Amino acid sequence: MVYAPRDSTRASRTLPATPTLDLEEGDGWLAIWLNAPEEGNPLTAQRVADLARVCETLALRPDIRGVSFRGRGGLFCAGGDLSMLRAAANGDVEREALIRASRTTGALMRRVATLPQLTIMAVEGEAVAGGCGLVAAGDIVVARRDASFAFSETQIGVVPAQIAPVVMSRLGSRVARRLLLLGGRLSADEAAQAGLADVIVADGPALEAELDSLRAQARLCAPGAVSATKRLLMDLPGLFPDEQLDMAAQVFADQLDSAEGREGLESFFGRRPPDWTQGD
């Protein structure tokens, strides 16, 4: 059963062509691959724009139950566009252009974090700077044991401004301060201890098996309930206690009164699988 927005059109729901990304859609899932391993899969202006366009489309695609983010060539993401940083250091980029680029990247991090789908970051090789920000924006992070993570910005004299909100949201202020202020490199096990990674796997086959397991678990969950729960988790920390109670009650009532909520209860009491566990 698909609960699509009434005002969505076929054109707006079609995944865009993205030269800097490989998109693999199937069985209610979308795999997004950063596709320039020879360059480190960096977050160039074009790749940021392509990711933003995909996220905009995903907001209209409740039939896509989950999204995984990966990097080609056994490398997740080596961070931002070094060519732009070099040009800025040489005085070849105007301040307003830098501000626009920074804001665009920061907006992408939030857009990824607030996607209505379950999001999984599958980390192989390195995740550096902006790559760590992309990791922190995910719901679940699975990393190979030989992966590494680096918040390297302050060590090269720049500020991790674009990624700070999602890193603080995931790790909390205490851990975020230590990692963002001191930089340095984390092993996969250290990333798990810090809360940046959720599952550590031994190798490539184990990574694929874990992704298969997570996709199977996601299929058991109602997509609308997942989306509503994500909104709740994102919004609750910014509210006063009474506002939290009000919002939680409203979200609970809205979901219970939805077609999906009614199907869930009917299937539960009818001792049958709900529609969303079946093939799309």
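Predicted model, so just to flag it, every value in this text is computed and none were measured.

### Some details on the overall build of the protein chain
Scanning the protein chain for helices and strands turns up 10 helices and 9 strands. What you see for the protein chain is a C-alpha radius of gyration of 19 Å, in line with the 19 Å of a compact globule of 280 residues. For the protein chain, the spread of C-alpha atoms along the three principal axes comes to 65 × 45 × 40 Å. Buried residues in the protein chain amount to 44% of all 280 residues.

### Re helix H8 (residues 223-235)
For H8, which comprises 13 residues, the first-to-last C-alpha distance of 19 Å matches the rise-based estimate of 18 Å (1.5 Å per residue) to within 8%. Within H8 the residues assigned to the buried category are Pro 223, Ser 227, Ala 228, Lys 230 and Leu 232. If you follow the buried residues of H8, they end up packed against helix H3 (95-113), strand E4 (118-123), helix H9 (241-256) and helix H10 (259-269).

### Remarks on H9
Compared with an ideal rise of 1.5 Å per residue, which puts 16 residues at 22 Å, H9 spans 23 Å between its outermost C-alpha atoms and is within 8% of the ideal. Among all positions of H9, only Met 247, Val 251 and Gln 255 are buried. All buried residues of H9 lie within an arc of 60° about the axis, which places them on one face of the element. For H9, the exposed residues lying more than 90 degrees away from the buried face are Asp 242, Leu 245, Asp 246, Gln 250 and Phe 252. Where H9 is buried, its residues touch H8 and H10.

Calculation rules
Residues numbered from 1 in each chain as written. Predicted model: local features only at pLDDT ≥ 70, side-chain atom pairs only at ≥ 80, totals over all residues. Heavy atoms only, no water. Helix = DSSP H or I, 4+ residues; strand = E, 2+ residues; numbered from the N terminus. Rg over C-alpha atoms; globule rule 2.2 N^0.38 Å. Buried < 20%, exposed > 50% of the residue type's maximum accessible area, 1.4 Å probe, protein only. Expected span 1.5 Å × (residues − 1). Contact = heavy atoms within 4.5 Å. Arc of directions from axis to C-beta.

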